[in-house]
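What follows is each chain in one-letter form.
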Amino acid sequence: MTRFLLSVAFFAVLSIGVGFLLSGDDFFDWGMALGLFGLALLGEGLRFRIRRGRTKGRQSSEI
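Residues numbered from 1 in each chain as written. Predicted model: local features only at pLDDT ≥ 70, side-chain atom pairs only at ≥ 80, totals over all residues. Heavy atoms only, no water.

Visitor: What's the story with the overall build of the protein chain in this structure? I'm lost.
Guide: If you tally the helices and strands in the protein chain, you get two helices and zero strands. In the protein chain, buried positions account for 16% of the 63 residues. As presented, the protein chain carries roughly 5400 Å² of accessible surface, and 66% of it is formed by carbon and sulfur atoms. (Helix = DSSP H or I, 4+ residues; strand = E, 2+ residues; numbered from the N terminus. Buried < 20%, exposed > 50% of the residue type's maximum accessible area, 1.4 Å probe, protein only. Areas by Shrake-Rupley, 256 points an atom, 1.4 Å probe, with all protein chains shown as cover.)

So this is what it looks like as structure tokens:
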């Protein structure tokens, strides 16, 4: 869970930086920053779900 939160925080900072860099004359490019952050959240959530599903599949109730 810590790795998930660390990667989400990294992508949040990265998307904010890209939003400032691509803003031009505007103060902040919200569309670009939120779009990038949304893609990052989607990817990390999918990776977390796949990884969690694999570990549950390995557990056996038989002893």
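Visitor: Help me out: how do you make sense of the packing of aromatic side chains in this one?
Guide: Describing an aromatic ring pair means giving the distance of the ring centres and the angle of the ring planes. Considering all chains together, one arrives at four aromatic pairs under this definition. With 5.5 Å between their ring centres and 65 degrees between their planes, Phe10 and Phe11 make a pair best called edge-to-face. Considering the side-chain rings of Phe20 and Phe28, the 4.7 Å spacing of their centres and the 70 degrees angle between planes classify their relative orientation as edge-to-face. Put simply, the rings of Phe20, Phe27, Phe28 and Trp30 pair up and form one aromatic cluster. (Phe/Tyr/Trp six-rings, centres within 6.5 Å; stacked < 30°, edge-to-face > 60°.)

Visitor: Which parts of the structure should I look at to understand the pattern of salt bridges?
Guide: Side chains that carry opposite charge are capable of pairing whenever their charged atoms lie near each other. For the structure shown, the criterion picks out one salt bridge. Between Arg47 and Glu44 there is a salt bridge; the shortest N-O distance is 3.0 Å. Here Arg47 and its partner Glu44 are both found in helix H2 (residues 30-58), three residues apart, which amounts to about one turn of the helix. Residue Arg47 is classed as partly exposed on the basis of its relative accessible area, which comes to 28%. Residue Glu44 is classed as buried on the basis of its relative accessible area of 10%. (Salt bridge = Lys/Arg side-chain N within 4 Å of Asp/Glu carboxyl O.)

Visitor: Explanation requested: a nonpolar patch on the surface in the structure shown.
Guide: A cluster of nonpolar side chains, Leu21, Leu22, Met32, Leu36, Leu39 and Leu42, forms an exposed patch at the surface whose accessible area comes to about 630 Å². The element that contributes the greatest number of residues to the nonpolar patch is H2, accounting for four residues. Relative to the assigned elements, Leu21 resides in helix H1 (residues 2-21). (Patch = residues over 30% accessible without salt bridge, like charges linked within 9 Å, V, L, I, M, F, W, Y side chains within 5 Å.)

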